[in-house]
Amino acid sequence: MTRDNDKTATPLRLQIPHPARGQHPPDQVRFISRAGEMPKPALDEKVERIALMRKQLVRVLDDDGQAVGPWVPDITTEEKLQGLRNMMLVRSFDARLLRAHRQGKISFYMQSLGEEAIACAQQRALRPGDMHFPTYRQSGLLISAGYPLVTMMNQVLSNELDPLHGRQLPVLYSAKSHGFFSISGNLATQYIQAVGWAMASALSGGTEIASAWIGEGATAESDFHAALVFASTYQAPVILNIVNNHWAISTPEDFARGASATFADRGYGFSIPALRVDGNDYLAVYAASQWAAERARTNLGPTLIEWITLRVGAHSTSDDPSVYRPPNEAESFPLGDPVERLRQHLEFIGEWDEDRHQTLQSEIDTQVAEAFAEAESHGSVKTGDVGSARTMFDDVYAELPRHLLEQRDMLGDSA
Amino acid sequence: MTRDNDKTATPLRLQIPHPARGQHPPDQVRFISRAGEMPKPALDEKVERIALMRKQLVRVLDDDGQAVGPWVPDITTEEKLQGLRNMMLVRSFDARLLRAHRQGKISFYMQSLGEEAIACAQQRALRPGDMHFPTYRQSGLLISAGYPLVTMMNQVLSNELDPLHGRQLPVLYSAKSHGFFSISGNLATQYIQAVGWAMASALSGGTEIASAWIGEGATAESDFHAALVFASTYQAPVILNIVNNHWAISTPEDFARGASATFADRGYGFSIPALRVDGNDYLAVYAASQWAAERARTNLGPTLIEWITLRVGAHSTSDDPSVYRPPNEAESFPLGDPVERLRQHLEFIGEWDEDRHQTLQSEIDTQVAEAFAEAESHGSVKTGDVGSARTMFDDVYAELPRHLLEQRDMLGDSA
Amino acid sequence: MTAMTMIEAIRDAHLVAMERDPKVVVFGEDVGYFGGVFRCTHGLQERFGDHRCFDTPISEAGIVGAAVGMAAYGLRPCVEIQFADYMYPAYDQIVSEAARLRHRSAGDFTSPLVIRMPTGGGIYGGQTHSQSPEALFTHVAGLKTVVVSNPYDAKGLLIAAIEDDDPVIFLEPKRVYNGPFDGHHDKPIVPWSKHPLGEVPDGHYTIEIGKARVHREGTDLTVLAYGTLVHVAQAAAEEQGIDAEIIDLRTLVPLDVDAIVHSVQKTGRCLVVHEATRTSGFGAELSAIVQERCLFHLEAPIIRVCGWDTPYPHAHEWSYFPGPERVGNAMQELMKP
Amino acid sequence: MTAMTMIEAIRDAHLVAMERDPKVVVFGEDVGYFGGVFRCTHGLQERFGDHRCFDTPISEAGIVGAAVGMAAYGLRPCVEIQFADYMYPAYDQIVSEAARLRHRSAGDFTSPLVIRMPTGGGIYGGQTHSQSPEALFTHVAGLKTVVVSNPYDAKGLLIAAIEDDDPVIFLEPKRVYNGPFDGHHDKPIVPWSKHPLGEVPDGHYTIEIGKARVHREGTDLTVLAYGTLVHVAQAAAEEQGIDAEIIDLRTLVPLDVDAIVHSVQKTGRCLVVHEATRTSGFGAELSAIVQERCLFHLEAPIIRVCGWDTPYPHAHEWSYFPGPERVGNAMQELMKP
Ligand SMILES: Cc1ncc(C[n+]2csc(CCOP(=O)(O)OP(=O)(O)O)c2C)c(N)n1
Ligand SMILES: Cc1ncc(C[n+]2csc(CCOP(=O)(O)OP(=O)(O)O)c2C)c(N)n1
Ligand SMILES: [Mg+2]
Ligand SMILES: [Mg+2]
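Residues numbered from 1 in each chain as written. Chains lettered and ligands numbered in written order. Predicted model: local features only at pLDDT ≥ 70, side-chain atom pairs only at ≥ 80, totals over all residues. Heavy atoms only, no water.

A. Region of the structure containing the site of ligand 2. Lining the immediate surroundings of ligand 2 are 20 residues, of which Tyr-136, Arg-137, Asn-245 and Trp-247 of chain B together with Glu-60 of chain C lie closest. Of the chains in the model, those with residues near ligand 2 are chains B and C. Take Tyr-136 of chain B: an N or O atom from its side chain is 2.7 Å from an oxygen atom of ligand 2. Within the side chain of Glu-60 of chain C, one N or O atom sits 2.6 Å away from a nitrogen atom of ligand 2. Protein chains bury 96% of the 590 Å² of accessible surface belonging to ligand 2 in isolation. (Near = heavy atom within 4 Å. Polar contact = N/O pair within 3.5 Å; in protein donor to acceptor, adjacent residues only side chain to side chain. Areas by Shrake-Rupley, 256 points an atom, 1.4 Å probe, with all protein chains shown as cover.)

Okay, structure coming up:
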């Protein structure tokens, strides 16, 4: 294919990223700061100065579990214990439902193992009335908001009490009452919607802010760009979260990130202040979320946050990561485990110990087991207890139009 | 709409850009450097260091017409005279066709008045075999490549000799032989295609590079993002041009740029080196294009260039800019006029004078007039000399499928 | 009543809707300060301020995506896509999001929004200023699709669309913006002021989404049409001396099947016309429905007269456009014993 | 001949095409190292290196846009969209660019590329892993649209698609990847190894794009089907004891009209089936064509059995899917005197 008219010219070559994959040990986290090292900028700090911090990582918890530095959030011990409980609940919930999948009781599942701190802490740092536009790995938002576990499980089981009438794939929850936007199966669409929602709040003189969520892989999608353009132009009150868990199914973060140093870098070209934050550090997540929320609430505009974490489990129950993941990836992950780290901190400050932890763990496991037992008592898609198929015609429109009435009648005859 | 649960909170407000428009004098160019002021980075300079130059402007020609500083390109006087001639040809061509539109001879036209230097100089700085993916304001690429004026006019007239058989709107040329990709009416689509073409060249071990063109307004489109992601990830040999002529129909650059300082800033988050260049300075355009091309040819990857210029005319013949443009915008534009500036330089170095200029001008005007007379002799869409309507069925597919054969027959009956 | 062009009627509908409901917001490319390239939103920013009507960056995905978020918040966005040909970058947000939000969330979130787009050819706009993509919307459950043919309908239907709780695609054939164009492109332009449907009531009124209008009563054959083709069909009928019943469908989804069936059962012959490309156009659905419900009433095969299956050509647009001659020939064909 | 699943046949087609022509490049999300979430490109990167088969960022617009540029350069990209449900972000590049490039440039540039997508439901994938968007392609002039139903066809048609000089949309109903699924989701899975169409020739062969295949000869009625529904129709015919002639269309555009007309004129009855939503589905086009060309041969109205006009529901997918019972009932209905 060479159409060379200058035989001395360098043949061009393409760079196909060759990240750690398969049997190679991963280069998992770029640019790790020490806890407490990164300064905390003023809310209205210039984007250029914040950009200079782009290779730093907001971290609060040090290796001993001590909270150090300017980002230590001002929260009570109760709040921290609540955070621990929420994260453990998410983890226990995930574990129970993965088991249910193995038992053939549910059709599909996606867990957030290893990423629990991000959704859990941000939910607590925001306010009722704010709206999250999540992906499928932020069930911590719902659990931290006190949404009923049984209802979540009903959705996952697609049983008769599923509030979504079995329409959606498991974990694609919707809970307006709890500040949780309906999850789409299409990646990235929610990002610009969150910006639109935040714009609507501001256009209406409201006080609620929006929080947009996306995986690092999905930042390559076009709607990510639309969101940044609109957020920048209208200075929408929105938090733009990028959860960098290093994987997009089988594809390492390198493909979406390209040559740039970090995903936080993406903010700079839109003059959107951007932070990189240790996503496995509950206190850092809380503090950074608070900072970004405060910026939004005081009309200082959008903030982009890249959360560094690791997808510890498979992409979904349909995925077989052994084909592409290096062994022992989680064990060697330098940011540790979010539950363990908050627990260590609580122990460090003398508010927690092994006994209390075991008690809490069994309390939570019981709570989850009971919830699952209750949910399961309402059946599942596997047992065929899925409510009436006729509901499929509802909510396509506000009112059932004639052609859907006719089709529902036809279904009645044959189903 | 306020769903405020904290009555002390600040009501949110949106920022709708209020740029200079209508009767206000424009804030037309942000961050103008003196000629020669901006340093010339090494081809493999770190993106961070180049980013620090983002508020500077590559300029070569000073107010006296002297070429100064590290970016002075090493080109002959003949080459400069060729550039002057090409720009004047573009301008004369545009003027003739605008007149033809006023005379009711053509259906539509879009001119590049005030922006001629960018396409003209870049075309000369690249090589045969390279491929441009232009928008509708880069006819200078064709003219500088020596594409026949009459053929261009045939396209604009949609006459019997129009190589595109009257299928495309005027000025949406296609000329593979001259390194000019078929122009799409849909904004931004060509940007990622250019990256794909460049990837193909590199995948094939070719030596040809691609050059992508986009208006500053269209950078808001999603395909701009796709292009940056792919160019960054695969380090494609491509020049990513953004022509910032300050307007997108009635909308000032502010809406697409948002809060960022410059469009060149968009490159940083992808680690794509980006320059801002005085687009009305032929020598600066030449030098910056050469620099970017050299980077691409030596496998150093993509370069983003924001060209600062002004859309002096209306958006198109369908547009009435008096509704939204400040008066005297062109006169007060700080970067002057590209033709005048190169002319001044040639006079400064003693290679040009008023007489020679007048002679050249009338030579060019004659050339254009003769070309137009010839093109017009083949008729136009207005005179109905448009070739056979049956050609509309060709090229939908490589071979005419049965349903199109049938439809062509039906047309035959009724047309 | 005021004589209005379709542009003025659309603008007036915006005015009425924005006046009545502060939740209505209007935005799009060149829509704010300038008032839209076709001037359909002219004066709205001046009247309601730039928080109710504003310009956007050139991003159709952004426009619709933001509108979905705003609608979920509780606003009623009415947005413009500059030409229907440019809706494709927004197609994911339209199909996967606006259309499905109510269903997938079981009514927890909704997206009551209107997406206006000029459609159709006849202005020498070439392939990217001439398309009629209605069939790409009618195939999508959850969307309502409206195509207007005159100022009276345009105002009443646009207000109804803005007040509707579902996402509505609102298609405006640009060739009838300024008059009831009947396909005779070489004849002088007739303005709306000379046409009864150019008389537009002042203030608020709505036309029910999902109801067709009998544009012309007749007994020889039924023409199913919408947009510009309503006027073309009328011209063809008159020129051919055929007593056609012309139904202006006005809404494609939900469709007024009763009006269609009623007419075809009466006439026994059916012609389907549209400007969009033929294959998989909405005409196919109309043809399928008619034969499903009226097969034994049909005296002749249903004929479709449509745009050809090619891109809309710039110079040859009048060979592409299904004008009165092609429509008229089809009427004669249908009437053959 | 080797017994293959449809996945293996598709992978084999890639191998053959890449072996023969160095210009063939393959890419998409998870397509390189991993070999695709359905494993259709498994082993290609290892065999041909990462300049011939590679992973991409998650950007369908980027995948198709880059492919258009590569095709214009002279390569022959064959790309995968992970699920057809995710093609919407690429729709602009498909419709406005790939489909129109040859025409708008009068052959100066072309875009010979293949876009593969798994389609259809039946894996409890919910509304975003189950769609069949073929009608959104068949309405677009310039595209060829292929839907495969078995391993033999899949290999021959995919090689033909890659060698074709036009852009080809290549749809793979995922429910028949591993066996000739006939809609009886509660019965044991039959593998392709037990089916004659699972026997796939080694090496290079092509099947002509635009030619249908008579899947089952019969005299009672004609079923127009493609993809999974071919097998469903067969099961229904057998269960109902109806001697149906089942035509596997294989290519929707260009369509094998002769095969259709020939069969319907013979049987006098026609059933159109597909999994996509009914309104404006490709079945409408088929119905319209059949009545245009065979009206006076029809003994009964053409019936369409399709997916309902709703999003594809997760838990109720078997109520949505047009299974053998619904198809069988329609056959009985058609046979009523
Ligand atoms: C538009 C679209 N394209 C592709 C997919 C298929 N898909 C689902 S998840 C996924 C990977 C996403 O990775 P990332 O954004 O990093 O999120 P994570 O799974 O790591 O949380 C892909 C490709 C999709 N759902 N939507
Ligand atoms: C996808 C798409 N959306 C909208 C348009 C309509 N349109 C044509 S040109 C234009 C303005 C483009 O501005 P800019 O990119 O700055 O280029 P300039 O005209 O200044 O050269 C718009 C909105 C289009 N052609 N394509
Ligand atoms: Mg990820
Ligand atoms: Mg511009």
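B. Geometry of the interface of chain B and chain A. The partner chain A presents 61 residues to the 61 residues of chain B that form the contact. A combined buried area of about 5,200 Å² lies between chain B and chain A, and 54% of that area is made up of carbon and sulfur atoms. Joining chain B to chain A, the criterion identifies 4 salt bridges. Here Lys-55 of chain A and Glu-48 of chain B are joined by a salt bridge, their closest N and O atoms 3.5 Å apart. Counting across the chain B and chain A interface gives 28 residue pairs in polar contact (both at pLDDT 80 or more). (Contact = heavy atoms within 4.5 Å. Buried area = accessible area lost by both parts, 1.4 Å probe. Salt bridge = Lys/Arg side-chain N within 4 Å of Asp/Glu carboxyl O.)

C. Structural view of the relation of the copies chain D and chain C. Its rotation angle being 180°, the transformation that places chain D on chain C also includes 0.0 Å of axial translation and leaves an RMSD of 0.0 Å. In symmetry terms, the pair is related by a two-fold rotation axis. Most of the interface of chain D is mirrored in chain C, where 100% of its interface residues again form contacts. (Least-squares fit on C-alpha atoms with pLDDT ≥ 70 in both.)

D. View of the packing of helix H2 (residues 77-102) of chain A against helix H9 (residues 282-297) of chain A. All names here are of chain A. Running from N to C, H2 and H9 point in directions that differ by 110°, and their axes come no closer than 11 Å. By the angle between their directions, the pair H2 and H9 is classed as roughly perpendicular. Helix-helix and strand crossings are classified by hand; for H2 and H9 the assignment is right-handed. Contacts from Glu-79, Lys-80, Gly-83 and Met-87 of H2 reach H9 at Tyr-282, Leu-283 and Tyr-286. A per-class count over the contact of H2 with H9 returns 4 nonpolar, 1 polar and 2 charged. (Axes fitted to C-alpha atoms, helices over the stretch in contact; angles between N-to-C directions. Helix = DSSP H or I, 4+ residues; strand = E, 2+ residues; numbered from the N terminus. Parallel < 35°, antiparallel > 145°, perpendicular 65-115°, else oblique. Left-handed = near helix turned anticlockwise from the far one by under 90°. Nonpolar A, V, L, I, M, F, W, Y, C, P; charged D, E, K, R; others polar.)

E. Spatial organisation of the site of ligand 1. Surveying the vicinity of ligand 1 reveals 20 residues, the closest of which are Tyr-136, Arg-137, Asn-245 and Trp-247 of chain A together with Glu-60 of chain D. More than a single chain frames ligand 1: its nearby residues are located in chains A and D. Gly-217 of chain A has a polar backbone atom sitting 2.9 Å from an oxygen atom of ligand 1. One of the backbone N or O atoms of Ala-218 of chain A is found 2.9 Å from an oxygen atom in ligand 1. When ligand 1 sits alone it has 590 Å² of accessible area, and the protein chains cover 96% of it. A per-class count over the shell around ligand 1 returns 8 nonpolar, 7 polar and 5 charged.

F. Structural detail: the confidence of the model for chain C. Per-residue pLDDT for chain C averages 97, and the proportion of residues at 70 or more is 100%. For this predicted complex, the interface confidence comes out at an ipTM of 0.98, alongside a pTM of 0.98. (pLDDT = per-residue confidence, 0-100.)

G. Up close: the confidence of the model for chain A. Summary statistics for chain A give a mean pLDDT of 94 and a share of 95% for residues scoring 70 or more. Every residue in residues 1-5 of chain A scores below 50 in pLDDT, and together they form 19 contacts with partners more than four places removed in sequence or on other chains.

H. Examining the interface of chain D and chain C more closely. With 44 residues of chain D at the contact, the number on the chain C side is 44 residues. Of the roughly 3,800 Å² buried between chain D and chain C on both sides combined, carbon and sulfur atoms contribute 57%. Scanning the region where chain D abuts chain C turns up 6 salt bridges. Put simply, Arg-278 of chain D and Glu-292 of chain C hold a salt bridge, and the shortest N to O gap is 3.1 Å.

I. Geometry of the coordination of the magnesium ion (ligand 4). Residue and element names in this part refer to chain B. Around the magnesium ion (ligand 4), the donor atoms from the protein are Glu-216 (OE), Asn-245 (OD1) and Trp-247 (O), and they sit 2.1 to 2.2 Å away. In the primary sequence, the donor residues of the magnesium ion (ligand 4) line up as E-x28-N-x1-W. Here Glu-216 is found in the loop between strand E2 (210-215) and helix H7 (222-234), whereas its partner Asn-245 is found in the loop between strand E3 (238-244) and strand E4 (247-248), with 29 residues between them in sequence. (Donors = N, O, S within 2.8 Å, 3.2 Å for Na, K, Ca; no water.)

J. A look at the relation of the copies chain B and chain A. Under the fitted operation, chain B is carried onto chain A by 0.0 Å of movement along the axis and a turn of 180°, and the coordinates agree to an RMSD of 0.0 Å. Comparing contact sets, 100% of the residues at the interface of chain B also lie at the interface in chain A, consistent with an isologous, same-surface contact.

K. Region of interest: the packing of aromatic side chains. Summed over the entire model, instances satisfying the criterion amount to 50 aromatic pairs over all chains. Arranged with centres 5.3 Å apart and planes meeting at 70°, the rings of Trp-318 of chain C and Phe-321 of chain C form a pair that is edge-to-face. With centroids separated by 5.2 Å and ring planes inclined at 50°, the aromatic side chains of Phe-38 of chain D and Tyr-177 of chain D adopt a geometry described as tilted. On the criterion of sequence distance, the pair formed by Phe-38 of chain D in the loop between strand E2 (24-28) and helix H2 (44-48) and Tyr-177 of chain D in the loop between strand E7 (168-173) and strand E8 (199-200) is long-range, its members being 139 residues apart. Its relative accessible area of 1% is what places Tyr-177 of chain D among the buried residues. Put simply, the rings of Tyr-88, Tyr-91 and Phe-137 of chain C together with Tyr-88, Tyr-91 and Phe-137 of chain D pair up and form one aromatic cluster. Looking at Arg-295 of chain A, its charged tip hangs above the ring of Trp-291 of chain A, at a distance of 5.7 Å from the centre. The lysine or arginine in question, Arg-39 of chain D, covers the ring of Phe-34 of chain D, its NZ or CZ lying 4.6 Å from the ring centre. (Phe/Tyr/Trp six-rings, centres within 6.5 Å; stacked < 30°, edge-to-face > 60°. Buried < 20%, exposed > 50% of the residue type's maximum accessible area, 1.4 Å probe, protein only. Lys NZ or Arg CZ within 6 Å of the ring centre and 35° of its normal.)

L. Spatial organisation of the pairing of strand E6 (residues 274-278) of chain A. All names here are of chain A. Counting buried residues along E6, 5 of its 5 residues qualify, which places the element largely inside the surrounding structure. Burial along E6 is two-sided: Ala-274, Arg-276 and Asp-278 facing one way and Leu-275 and Val-277 facing the other are all buried. Direction of pairing for E6 relative to strand E7 (residues 303-308): parallel, over a ladder of 5 bridges. Its bridge partner being in E7, Asp-278 is matched across the sheet by Ile-308. Taken together, E6, H9 and E7 constitute a β-α-β crossover, and its handedness is right-handed. (Pairing = 2+ DSSP bridges. Right-handed = clockwise from strand over helix to strand, strands pointing away.)

M. Highlighting the domain arrangement of chain A. What the domain assignment reports for chain A is domain 1 (29-384) and domain 2 (389-415). Here domain 1 of chain A and domain 2 of chain A have C-alpha centroids that lie 37 Å from each other. (Domains from an automatic or database assignment.)

N. View of the sheet that holds E2 of chain B. Residue and element names in this part refer to chain B. The parallel open sheet is built from 5 strands, whose spatial order is E1-E2-E3-E7-E6. Two strands in the sheet have a free side with no partner beyond their single neighbour: strand E1 (131-133) and strand E6 (274-278). Mean inter-strand twist for the sheet, computed between neighbouring axes without regard to direction, equals 20°. In terms of strand pairing, E2 meets E3 through 6 bridges, oriented parallel. Within E3, the residue paired with Ile-214 across the bridge is Ile-242. Contacts from helix H6 (residues 189-203) reach E1, E2, E3 and strand E7 (303-308), with the element oriented near 170° to E2.

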